[in-house]
Amino acid sequence: MFDGKPVDPDMDMKVETAFNQLLDKASRLRQLMGGVSVDVSLGAALETFWQVYGDAVNAEEMNLFNWHLANLEYANAGLISNLSLAFWDQDDPYDMGGDHCFLPGGNGRLVQALAENVPILYEKIVNTIRYGSDGVQVIAGSQVFEGDMALCTVPLGVLKSGSIKFIPELPQRKLDGIKRLGFGLLNKVAMLFPHVFWGTDLDTFGHLSDDSTRRGEFFLFYSYATVAGGPLLIALVAGEAAHKFESMPPTDAVTRVIQILKGIYEPQGISVPEPIQTVCTRWGSDPFSLGSYSNVAVGASGDDYDILAESVGDGRLFFAGEATNRRYPATMHGAFLSGLREAANMAHYANARALRIKINRNPSKNAHSCASLLADLFREPDLEFGSFSVIFCRRNADPKSTAILRVTFNEPRKKSHDSAKSDQQHSNKLLFQQLQSHFNQQQQLHVYTLLSRQQVLDLREVRGGDEMRLNYLCEKLGVKLVGRKGLGPTADSVIALIKAERGIRKPASTSLALKSGTSKLKAGTLKRKLVRKAKIMRHGNGSAPSANSNSVNDKVSDETKTTSQAPSNTLGSGQNHSDVLKTE
C-alpha cells in the first residue's frame, strides 16, 4: 500500500514480540555453546532461528522483521553478521534507562563549555607519536609538540587504519585488541524545511523496505523540531545501506528521502516542501574518524575495551574515547567518562614521578620514609599466600607489569590454603632454620624481589608449601631475594606508582604520602538495545509513534561531531603537574 496508513498495531506487536523472543533464544544458545559462541555471529544465530518461523509469515511481517534487524544494526553500528553472539550486548547491565535528552542548541554547546580557556591548536594533523621514559613527542607534519604525557583520543577507526605511527610500536596486546574490536558505520541525512509538515507530536517514525538488502536505508526518522529551534528532520542510514550510502551522490540521497516522505504524507493530503538546507554524513570516508562507533565483533569481547584503555610507556601515553569504555561504549557519555578516568590516571602518574624525584634527590634523607612507605603498602597486599605477599599497580592489567614480592620469615603463622601438614613441614625446613638463626623469636625478616604479575600467579600455584615456592623462585626463575635497599630504582618507581594510585594514609614518619578518593559505579538495569518504539510505515506509509520512557540512550554518531570544527586529530594541553598533549 502507498496510502500512508500505519502498520496494523496487532501485526506490529506480533513481529516485535517474535523478534525479542529470537534474541532470547540466541542468548540461551550462547550459554549452551559456552566458549564456542565467541566465534559465532549474532546474525548466524538469528538466521538459524528465523528459518524455523520464516515460512509462517507474510511479506509485510517479513518487512517488519527486517526493520527490527536494521534497528539492531543501528544500535551497534555494525552488520549483525559481524557482531559477536557471545558478547554483542556485554554492556547491557550498565545501560542508562529513561527518556532521550537533547541539549538545546546541540552538543556543540557542551564541547564549547568544556573547551573554555583551554588552548587548542587546529588544523594540525598528527602523523607520529613518540613516547619514552623522558616524555612524549607528538609530530604533526613538520611541527613537533613535546610534553610529559599525551592522551590519545582518536577514534578506533583511525587506530585500525595505522595512519598514526607510534614509536615504539604499541604493545602486541593492544594491537590485537584494536584489531579484534569492531568499528561500525551509521550515516544520516539532516534536512531543514520551511515548516514542520510532519506534526510536532512526532518524535520518531519509521519506514519499511521491500528489499532486505536496503532495510537500513532511511528506516527511521528523528524530529528535532522541538529541540533544535527549527523544522529539522533527520533520516538514519544503518547496516549495509550505510556503507552503500558512502558512494551515493548527496543529491540522489536527498531525492530518495523526499520520495519516501512524499509517499508517507501526500496520500494524507499533506504537501512535502523542498528542504532549505541538507547535510549528508560520510563518516566511513572521513579520514579523521573512518567510522562511527565501536561494537563487539566476532572474536572480540568486553576485555578488549579494557585493553584499549591501558596506558603505555610507563605512564607516558594514555588512551580515552568510547572504544576504551567497557561499560558505556559507543556513547557520548562513555567517551566523556573515559576522559575523566584518564585525567585521574595521568594525575596519579605525575604525582608518582614527582615523589620519585624527591626520593632520588635526597636518598639518605628519604631512606627511612621509603621503608616506612613500603611497610604501609604491604599492610594490605594485593595477593597473600603462605609467607609470601605481593603488591602491584591495580590499574595496569598487563601480565608483564612489575610486581613487588615480599617473603616474611619467622612471622606469626596465619591460616592459609596450605594444609596443616605442609605448615609443619615448612617450619622444619633447613632453609628457614638457617635464616631464623640470625634473629630471635620476636623479630621478623623481610626480603624482596621484583617479578612480573604472571610470574607471581605462577608462583602462587606451586604446591608443596613455602619451601617449594622458594625453590621455584631460586631454581626455576633464578631470582635473588634482597633487602629493601637492594631493590634499586626500578622498585622505587613501582612503589611510587602504587602509593599514588592507592593514596594510602600519611605515615607518621613521612610527609610524602598522598590522598586520593575512590568511587563506585552502580550498574543500571538490563535492557534491550532498541531505540524508542516507532510505529512503522511500509514504503510510503507513516504514523505517529508511541512514546516509551524506557528507551535507551542514543548511540554516539554525528551529533557528537561538529563539521564547523577542525579535524579530529587536534592538539590540546593540560596544566596540572605536567605539560600534557592531547590528540583527538
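Please read all numbers here as calculations on a predicted model, not as lab measurements.

Draft legend 1. Summary view of the overall build of the chain. A count of helices and strands for the chain gives 17 helices and 20 strands. Across the 584 residues of the chain, 49% fall into the buried class. Put simply, 74% of the contacts in the chain that link residues at least 6 apart link residues at least 24 apart.

Draft legend 2. View of the sheet that holds strand β3 (residues 135-140). One open sheet accounts for four strands, arranged β4-β3-β2-β6; its pairing is mixed. Because the sheet does not close on itself, it has two edges, and the strands there are β4 (143-147) and β6 (165-167). Each adjacent strand pair in this sheet contributes to an overall mean axis angle of 15 degrees, direction not counted. Taken together, the five bridges between strand β2 (residues 128-132) and β3 define a ladder with antiparallel strand orientation. If you follow Arg130 over to β3, its bridge partner there is Gln137.

Draft legend 3. Molecular detail of helix α9 (residues 250-265). Over its 16 residues, α9 runs 23 Å from end to end, which matches the ideal 22 Å to within 8%, given 1.5 Å per residue. Along α9, the residues that are buried comprise Ala253, Val254, Val257, Ile258, Ile260, Leu261, Gly263, Ile264 and Tyr265. Against β8 (187-192), β9 (204-206), β10 (217-223), β11 (232-237), α8 (239-245) and β12 (277-280) lie the buried residues of α9.

Draft legend 4. Up close: the side chain of Ser41. Note that Ser41 resides in the loop between α1 (9-33) and α2 (42-53). For Ser41, the side chain forms a polar contact with the main-chain nitrogen of Ala44, separated by 3.0 Å.

Draft legend 5. Seen up close, the sheet that holds β10. The strand order β9-β10-β11-β8-β12 describes an open sheet built from five strands, whose pairing is antiparallel. Strands at the two margins of the open sheet, each flanked by one partner only, are β9 and β12. Taken pair by pair, the neighbouring strands of this sheet meet at an average axis angle of 20 degrees, ignoring direction. As paired elements, β8 and β12 share four bridges and run antiparallel to each other. For Val189, the partnering residue across the bridge sits in β12 and is Cys280. Sheet strands touched by helix α3 (residues 59-76): β9, β10 and β11. Its angle to β10, the strand with the most contacts, is close to 70 degrees. Where α9 meets the sheet, its contacts fall on β8, β9, β10, β11 and β12, and the angle it forms with β10 comes to roughly 70 degrees.

Draft legend 6. Geometry of the confidence of the model for the chain. The share of residues in the chain with pLDDT of 70 or more is 77%, and the mean pLDDT across the chain is 81. Counting interchain partners and residues more than four positions distant, the pLDDT-below-50 stretch residues 411-428 has 20 contacts. Scored below 50 in pLDDT, residues 438-442 makes four contacts in the model with residues more than four places away or belonging to other chains.

Draft legend 7. Structural context of the packing of aromatic side chains. A complete count under the given rule lists 15 aromatic pairs for this structure. Centre to centre, the rings of Phe193 and Phe197 are 5.1 Å apart; their planes meet at 85 degrees, and the pair counts as edge-to-face. Given a relative accessible area of 7%, Phe197 falls into the buried group. Clustering of aromatic rings is evident, with ring pairs tying together Phe193, Phe197, Trp198, Phe205, Phe221 and Tyr265. The ring of Phe392 has Arg453 lying over it, and the distance from NZ or CZ to the ring centre is 4.0 Å.

Draft legend 8. Region of interest: the environment of Val272. Take Val272: it is sitting in the loop between α9 and β12. Relative accessible area serves as the criterion here: at 6%, Val272 is assigned to the buried category. Through-space distance from the C-alpha of Val272 to that of Phe193 is 9.1 Å; in sequence the pair is 79 residues apart. When sequence neighbours within four positions are dropped, the list of residues in contact with Val272 reads Phe197, Leu261, Lys262, Tyr265 and Glu266.

Draft legend 9. View of the packing of α1 against α3. Contact geometry for α1 and α3: axes closest at 10 Å, N-to-C directions at 50 degrees. Overall, the two elements α1 and α3 adopt an arrangement that is oblique. With respect to the hand of their crossing, α1 and α3 are arranged in right-handed fashion. Residue-level inspection shows Met11, Asp12, Lys14, Val15, Glu16, Phe19, Leu22 and Leu23 of α1 in contact with α3, the latter providing Glu60, Glu61, Leu64, Phe65, His68, Leu69 and Leu72. Looking at side-chain class alone, the contact of α1 with α3 contains nine nonpolar, one polar and five charged residues.

Draft legend 10. Structural context of the nonpolar core. Counting 35 residues, the largest nonpolar core has Leu42, Leu46, Leu72, Tyr74, Phe219 and Leu236 as the members making the most contacts within it. Those elements giving two or more residues to this core turn out to be α1, α2, α3, β10 and β11. The greatest single-element share of this core, amounting to seven residues, is contributed by α3. Here this core gathers at least three residues from each of two domains, domain 1 (9-89) and domain 3 (187-280).

Draft legend 11. Representation of unusual backbone geometry within the structure. Put simply, Ile167 and Pro168 share a cis peptide bond, and its omega is -5 degrees. Here Pro168 shows up in the loop between β6 and α6 (172-180). In this structure, Leu290 is a non-glycine residue whose phi angle is positive, near 55 degrees. With respect to the helices and strands, Leu290 occurs in the loop between β12 and β13 (294-295). Residue class for Leu290 comes out partly exposed when judged on its relative accessible area of 30%. With a phi angle near 60 degrees, Ala330 is a residue other than glycine that sits in the positive phi range. As for its position among the elements, Ala330 is in the loop between β14 (317-319) and α11 (332-361). Residue class for Ala330 comes out buried when judged on its relative accessible area of 3%.

Reading the values: rules and limits
Residues numbered from 1 in each chain as written. Predicted model: local features only at pLDDT ≥ 70, side-chain atom pairs only at ≥ 80, totals over all residues. Heavy atoms only, no water. Helix = DSSP H or I, 4+ residues; strand = E, 2+ residues; numbered from the N terminus. Buried < 20%, exposed > 50% of the residue type's maximum accessible area, 1.4 Å probe, protein only. Contact = heavy atoms within 4.5 Å. Pairing = 2+ DSSP bridges. Axes fitted to C-alpha atoms, helices over the stretch in contact; angles between N-to-C directions. Expected span 1.5 Å × (residues − 1). Polar contact = N/O pair within 3.5 Å; in protein donor to acceptor, adjacent residues only side chain to side chain. pLDDT = per-residue confidence, 0-100. Phe/Tyr/Trp six-rings, centres within 6.5 Å; stacked < 30°, edge-to-face > 60°. Lys NZ or Arg CZ within 6 Å of the ring centre and 35° of its normal. Parallel < 35°, antiparallel > 145°, perpendicular 65-115°, else oblique. Left-handed = near helix turned anticlockwise from the far one by under 90°. Nonpolar A, V, L, I, M, F, W, Y, C, P; charged D, E, K, R; others polar. Core = buried A, V, L, I, M, F, W, Y, C linked by side-chain atoms within 4.5 Å. Domains from an automatic or database assignment.

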